[in-house]
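# Understanding the architecture of this molecule
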Amino acid sequence: MTHTDAVVIEPAGAGFSAYVPDLPGCVAAASTREGVRAEIRGRLQAFLAVRWLTSRYTRDQAADLWAALVLPTNLPAVSSASPWNRA
């Protein structure tokens, strides 16, 4: 099955920013258009992986699995709109 989301890329300061309107907190920034495309692709993959984990496991279990799978890496800080910050 293929999943499609719109990605908005726009000029931002000296570079570009990108976000996925349907996925709050799925954002990226880079100095070039090609760079921001690569960054948002990685963020989107990570966002969807987290969504998949949290749909199948408790929040704590998903956080532990995510940490074991990808940390330590150079991931951005978790935003307030992240799935981990749900009440």
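Sequence order as written defines the numbering, with residues in each chain counted from 1. Restriction of local features to residues with pLDDT of at least 70 applies here, the model being predicted, together with a cutoff of 80 or more for giving and counting side-chain atom pairs; totals for whole chains, interfaces and linings are based on all residues. For the side-chain quantities, the full set of heavy atoms in the structure was used; hydrogens and water were omitted.

## Focus: the sheet that holds strand β3 (residues 27-30)
Pairing is antiparallel in the open sheet, where three strands are placed in the order β1-β2-β3. The two strands at the open ends of the sheet, each matched to only one other strand, are β1 (8-12) and β3. Within the sheet, the average angular offset between the axes of one strand and its neighbour, ignoring direction, is 20°. In this structure, strand β2 (residues 15-19) lies alongside β3, joined through four bridges in antiparallel fashion. When the bridges of β3 are listed, A18 appears paired with A28. Of the strands in this sheet, β1, β2 and β3 touch helix α1 (residues 33-56), which is tilted by about 155° from β3. Here, a strand pair is defined by DSSP locating no fewer than two bridges between the strands. Helix numbers and strand numbers start at the N terminus; a helix is a DSSP run of H or I with at least 4 residues, a strand a run of E with at least 2. Lines are fitted to the C-alpha atoms to define the axes, a helix being fitted only along its stretch in contact, and any angle between axes, read from their N-to-C directions, falls within 0 to 180 degrees. We call two residues in contact when some of their heavy atoms are within 4.5 Å.

## Regarding the nonpolar core
Only buried Ala, Val, Leu, Ile, Met, Phe, Trp, Tyr and Cys residues count toward a nonpolar core, and they belong to the same one when joined by side-chain atoms within 4.5 Å. Burial classification: accessible surface area is computed with a 1.4 Å probe over protein chains only, and a residue below 20% of its type maximum counts as buried, one above 50% as exposed, and the rest as partly exposed. One finds F16, A18, V20, L23, C26, A28, V36, I40, L44 and F47 forming the largest nonpolar core, which totals 10 residues. Those elements that place two or more of their residues in this core are β2 and α1. Here this core gets four residues from one element, more than from any other, and that element is α1.

## Regarding the pairing of β1
Across five bridges, β1 lies against β2 in antiparallel orientation. Paired with E10 across the two strands is S17, which belongs to β2. Hairpin connection of β1 to β2: two residues between the antiparallel strands, including G13 at a positive phi of 60°.

## A short note on the pattern of salt bridges
Salt bridges are defined as contacts in which a side-chain nitrogen from Lys or Arg sits within 4 Å of a carboxyl oxygen from Asp or Glu. Enumeration according to the criterion identifies one salt bridge in this entry. We note a salt bridge from R43 to E39, for which the minimum N-O separation is 2.7 Å. Note that R43 and E39 are positioned in helix α1 at a spacing of four residues, about one turn of the helix.

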